[in-house]
Amino acid sequence: MRVLLVEDEVALAEVVRRGLTADGFTVDVVHNGEDALWMASENPYDVIVLDIMLPRLNGYKVLEQLRERGVWTPVLMLTAKDGEYDQADAFDLGADDYLTKPFSFIVLLARLRALIRRGKPERPVVLTAGDLSLDPARRRVQRGESEISLTPKEFSLLEFLLHHRGDVVTKPEILAGVWDPAYEGDPNIVEVYIGYLRKKIDAPFERHAIETVRGVGYRLAGNGG
């Protein structure tokens with residue numbers, strides 16, 4: 001089992017390397033993001049242990065660029081950053097697990113074994129409707145060759161509509177699928193965000209992909225409008 005360990009604290013990296021080696025792993029160690037990106041792109045690994053705060057290229061950028069290159073080796077983020085938004089960012093970019101420092105080596109070992117058993121995840125399918133596309137892995141939306149910047153909620157709404165393209169979806173279904181089944185706020189929030197989406201994916205391109213079905217809900221045209 002081959003592991004790439006990316007950690008800029010040399011002493012900590014050596015402790016982890018020795019522990020993994022003693023447990024039968026083959027371990028390559030690098031101490032900066034640029035070397036990590038090159039090693040992970042050029043060599044087959046069973047799992048990558050990746051710090052976030054790295055010189056030259058931080059762990060988020062390394063992870064993002066690996067996924068953009070189609071490298072789907074399981075990645076465990078090992079970092080002192082323990083905020084919930086830090087973890088959410090890592091998972092959004094394609095991380096498979098997240099462990100904060102200080103950590104138990106036994107727990108690290110168990111998580112690495114679990115990731116290796118699961119193997120490489122399948123790349124999420126790019127969702128399309130005509131020339132409108134949404135790439136869940138890269139968090140990228142395009143209309144033809146034009147890239148469209150969406151907020152996280154707009155992205156989730158478009159992803160939901162694309163999964164149901166051609167079908168009419170009701171406001172309660174959208175609230176349950178994009179917000180929360182127990183959402184108790186103003187249901188008109190759906191109309192607001194539909195408006196936001198139309199201004200970004202339709203209006204600049206003179207399209208009408210998102211249709212209002214009066215008295216029922218909304219439909220994303222299967223041909224992208």
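Quick notes on the rules
Residues numbered from 1 in each chain as written. Predicted model: local features only at pLDDT ≥ 70, side-chain atom pairs only at ≥ 80, totals over all residues. Heavy atoms only, no water. UniProt positions renumbered as here; feature names shortened; annotations may be inferred. Helix = DSSP H or I, 4+ residues; strand = E, 2+ residues; numbered from the N terminus. Pairing = 2+ DSSP bridges. Axes fitted to C-alpha atoms, helices over the stretch in contact; angles between N-to-C directions. Contact = heavy atoms within 4.5 Å. 1 Å grid on protein atoms, 1.4 Å probe; cavity = no way out; pocket = protein on both sides within 12 Å on 5 of 7 lines; lining within 4 Å. Points joined across faces, edges and corners; volume = space filled by probe spheres on them. Nonpolar A, V, L, I, M, F, W, Y, C, P; charged D, E, K, R; others polar. Salt bridge = Lys/Arg side-chain N within 4 Å of Asp/Glu carboxyl O. Buried < 20%, exposed > 50% of the residue type's maximum accessible area, 1.4 Å probe, protein only.

- Going by an unreviewed UniProt entry, the protein carries the name DNA-binding response regulator and comes from Arsenicicoccus piscis.

## Notes on the UniProt feature "domain: Response regulatory" (unreviewed entry) in the protein
Part 1 of the reasoning: If you check UniProt for "domain: Response regulatory" (unreviewed entry), the listed places come out as residues 2-116 in our numbering.
Part 2 of the reasoning: Segment residues 2-116 splits into 47% helix and 20% strand. End C-alpha atoms: 10 Å apart.

## Brief notes about the sheet that holds strand 5 (residues 97-100)
Part 1 of the reasoning: If you walk across this open sheet you meet the five strands as 2-1-3-4-5, and the pairing is parallel. Here the strands that pair on one side only, and so sit at the sheet edges, are strand 2 (26-30) and strand 5. Strand-to-strand twist across the sheet, computed as the mean angle between neighbouring axes with direction ignored, equals 20 degrees.
Part 2 of the reasoning: Against the sheet, helix 4 (residues 84-92) touches strand 4 (75-79) and strand 5, its axis set at about 150 degrees to strand 5.

## Points about the layout of surface pockets
Where empty space is left in the structure can be found by rolling a water-sized probe over the atoms.
Part 1 of the reasoning: A volume near 210 Å³ is recorded for the largest pocket.
Part 2 of the reasoning: Forming the boundary of the largest pocket are Asp92, Arg139, Arg140, Val141, Glu147, Ile148, Ser149, Leu150, Thr151, Pro152 and Phe155.
Part 3 of the reasoning: Those elements that place two or more of their residues in the lining of the largest pocket are strand 8 (140-143), strand 9 (146-148) and helix 6 (152-163).
Part 4 of the reasoning: Taken together, the residues of the lining of the largest pocket break down into five nonpolar, two polar and four charged.

## Concerning the pattern of salt bridges
Part 1 of the reasoning: For the structure shown, the criterion picks out 18 salt bridges.
Part 2 of the reasoning: Across the pair Glu64 and Lys61 runs a salt bridge, and its minimum N-O distance is 3.8 Å. Pair noted here: Glu64 and Lys61 are both in helix 3 (residues 59-68), with a separation of three residues, about one helical turn.
Part 3 of the reasoning: For Lys61, a relative accessible area of 41% corresponds to the partly exposed category.
Part 4 of the reasoning: One salt bridge connects Glu191 with Lys171, and the closest N-O pair in it is separated by 2.8 Å. In this pair, Glu191 is assigned in helix 8 (residues 189-202) and Lys171 in helix 7 (residues 171-179), connecting sequence segments 20 residues apart.

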